[in-house]
Every structure is written in structure tokens, then in C-alpha cells.
Amino acid sequence: MKFEDFWYIVALSKQLKSNTVLQRTVLDEWLVIFRGDDGKPVALRDRCIHRNSRLSQGKVCQGKIQCPYHGWIYDKTGKVIAVPSEGENFQVTQARRALQYDTREQDGYIYVRLAQYPTEEFEPFQMPFYQQPAWETVRVINRFRNNVTNCVENFIDIPHTASVHPGVFRTPRQQKLEMTVERRNGCVFAQYRNETTNLGWFTRFLNSKGYEIRHTDSFHMPNITSVEYDMKPHRRLFITSQSVPETEDSTLVYTDVTFNYGIWNKLARLFVHWTAQYIIHQDVKALGIQWEAIAKYGSHFANTPADTIHIFVESIRNKIAVGEDPRTLPDKSVDLKFWV
Ligand code: FES
Ligand SMILES: [Fe+2]
């Protein structure tokens, strides 16, 4: 198993119009993204096979892309279908083609898979309740200067919330939380108990009656986290993040906040968008600082029981990094307490 076997978001569906050309980087691979003549997304290596110009600087016309340098034209399969300098001598040959990657379009996202021969047919992650009746989704995109592992760990790390997001998300109170962390089948699940009102200014709005909050966090290999708050009745909130590896120190994170707040749904959109972006900017800053020290001193960490979730995430990602299947790791479940 390799990281290239999985699907990574490269754009929102609505960002890719019929004449749009997007330049992207996934796992250090340069990509040009556009729509073919059938409207389906196309991903090619962003390099013209002629003399190495970048196709992403060219134009797309009727689902074909033209290199900006000498005007070679590529179709949606990456095949060269016109070479202006060859005039009427031009012939299509199988040998002349740019590297092409599989794409998918699902839940308003465009995905690319880099493996030409994946070890297994994975599916893109299903975004919970996307565009289902009674549910609203707010979508934000942020670039982190850090790697995927540290990003996903941050998104399901509770202890940092009191210090990085004081007041917004949580206030330091030394409240005892109980947690069960489980690693199973390439996923990590964390269930929290004893959480009631300590969720900053969210609380007044979301949980004015002070119901017990059911809070579950999960990680799904290789790059997805989901945070779920269940505040009965009819108040559920999912924060799903897909962390796309651009390079070793750059991660582009697509975050969906999906909620059902009943009659407040539409009104809540602005508020949720503003709050999500505010919180994520604080994390972008915190992870940028972390990366400065990691770049200099490496990733040797001093863990505490509350970091069990991170240790499980790392065990899964490290397996994939060495080409192995993390689903072969033994199932583990740990109960622990921490204070926040
Ligand atoms: S480099 Fe692309 S056509 Fe020459
Ligand atoms: Fe955070």
C-alpha cells in the first residue's frame, strides 16, 4: 500500500469550469487539471513532453489543452493530437502522451489518484450528510505549513483547544474528560465522556439547555479526520477535514462543517463560516510554529496519555510510508483520563 493509492481532493467542482485550467501539487507531483469535452475532470502531469513547458500555463479549448510554448495540443487522455510545426505530416502516435491520472467527482469535490496500478481500489471518502435535506455544509480551504500527520493530529487534539483557541472553542478549566481511544482497521476512534458546556461561544447557541454532548473524533487512513458533536435533539455537527499532501511541508486542507440546526440552519451559515475560519487560522499559525522546530530538530516527541490518539495515527501513517497495510496492525483500545 502506498499513499498514491488513495484519492486526494484537487478542487471544488465549482472551481473547475469548462475553460478553467488549474495547477496543483499532490505528493510532490505537478498536475494540470481541466475538464475534458465530456465535462469530466482530467488530470495530467503538468509537463509538456515536447520541451518541458508547463501545460497549466496553457489554454483549454473544447476539452483539450494547448501547451503555451510551441502549441502542442493534448486530449483528455493525455495523447498529443496536434503539433503545429509538423503541419500535414502530423500523425497521432501512442508514444506521444503526457502522464494521465484517474479522477473522480463526488460530493462537490474533484479527486485525483496518482497510482497507475493501485494495490487496491479505494473509494473517495463519503462526506457526511452532504447536500441532504435538513443539512447545511460550509466549506473552507486552508494551507498549512506542516505535514499531513501533524495536521490530522491537530484536528483531533483536544488538549490544544484551551490554549490555542481560548474563549472561542474552549476555556481552560481543568475539567476532567474521559476518553476511549481505539485503533482498528486503518482507523482511530476517540469517544469522549463528561463533556457538557465547555465549548466556548458555541455552547450558548448550540446547546443552550446543557444536554450531555456526545463527542466522537475519528481518523480514517490516510488523511481524513472527522469530529462529531451530537447535542440532542436535532443538533448535530460534523467537521470533516481532508488533508492533501502537496509537499513534505505543505498541506492543503479542505474542511466541511456540516450541521443540522433546524430552523437556524440558513442563519447559522455565516456564523459557522466565520467561526470555522477564525479557529483554523489559529491552528495554521500554531502548526507553522511547530514545523519551524521540526524542520530544525526533527520529530522526537514526549508523549502523555492524552497523545495516545496521535501515537495510533502515526502508527497507521508510518505503515503506509513503508509500503505496508496498516489494517494488519493489531486492534487496540485504551481508556484514559485527561484534564482540559
Ligand atoms: S514545450 Fe510544449 S509545445 Fe514545446
Ligand atoms: Fe485547533
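Data block above holds the structure.
Residues numbered from 1 in each chain as written. Chains lettered and ligands numbered in written order. Predicted model: local features only at pLDDT ≥ 70, side-chain atom pairs only at ≥ 80, totals over all residues. Heavy atoms only, no water.

Q: Can you break down the sheet that holds strand E6 (residues 64–66) residue by residue, with the values?
A: Strands belonging to one sheet form pairs held by backbone hydrogen bonds; the direction of such a pair is parallel or antiparallel. Spatially, the four strands line up as an open sheet ordered E5-E6-E7-E8, and their pairing is antiparallel. For this open sheet the edge positions go to strand E5 (59–61) and strand E8 (80–82), each flanked by a neighbour on one side alone. Of the strand pairs in this sheet, E6 and strand E7 (residues 73–74) are connected by two bridges, and their pairing is antiparallel. Counted as the bridge partner of Gln-66 is Ile-73 from E7. (Pairing = 2+ DSSP bridges. Helix = DSSP H or I, 4+ residues; strand = E, 2+ residues; numbered from the N terminus.)

Q: So what's going on with helix H1 (residues 148–155)? Which residues, and what values?
A: Burial of H1 is extensive: eight of the eight residues sit out of reach of the surface. In this structure Asn-147 caps H1, since a side-chain oxygen of it lies 3.3 Å from the backbone nitrogen of Thr-149. (Buried < 20%, exposed > 50% of the residue type's maximum accessible area, 1.4 Å probe, protein only. Polar contact = N/O pair within 3.5 Å; in protein donor to acceptor, adjacent residues only side chain to side chain.)

Q: Explain the pattern of salt bridges to me, using residue names and the numbers behind them.
A: What the rule picks out here adds up to 24 salt bridges. Between Asp-37 and Lys-76 there is a salt bridge; the shortest N-O distance is 2.8 Å. Taken together, the residues Asp-37 in the loop between strand E3 (29–35) and strand E4 (41–45) and Lys-76 in the loop between E7 and E8 connect sequence positions 39 residues apart. Overall, the relative accessible area of 52% leaves Asp-37 in the exposed class. Across the salt bridge formed by Arg-104 and Glu-123, the nearest N and O atoms sit 2.8 Å from each other. Taken as a pair, Arg-104 in strand E9 (residues 100–106) and Glu-123 in the loop between strand E10 (109–113) and strand E11 (136–144) lie far apart in primary sequence, 19 residues in all. What makes Glu-123 exposed here is its relative accessible area of 53%. The structure contains a network of salt bridges with shared partners spanning Arg-214, Glu-228, Asp-230 and Arg-236. (Salt bridge = Lys/Arg side-chain N within 4 Å of Asp/Glu carboxyl O.)

Q: Tell me about the sheet that holds E10, and please be specific about residues and values.
A: Here we have six strands laid out as an open sheet, ordered E1-E10-E9-E4-E3-E2, and antiparallel in their pairing. Single-partner strands in this sheet number two, and they are strand E1 (7–12) and strand E2 (22–26). Here the strands of the sheet are splayed against their neighbours by 35 degrees on average, with no regard to which way each runs. Bridge count between E9 and E10: five bridges; the pairing is antiparallel. Bridged to Asp-102 within E10 is Arg-113. (Axes fitted to C-alpha atoms, helices over the stretch in contact; angles between N-to-C directions.)

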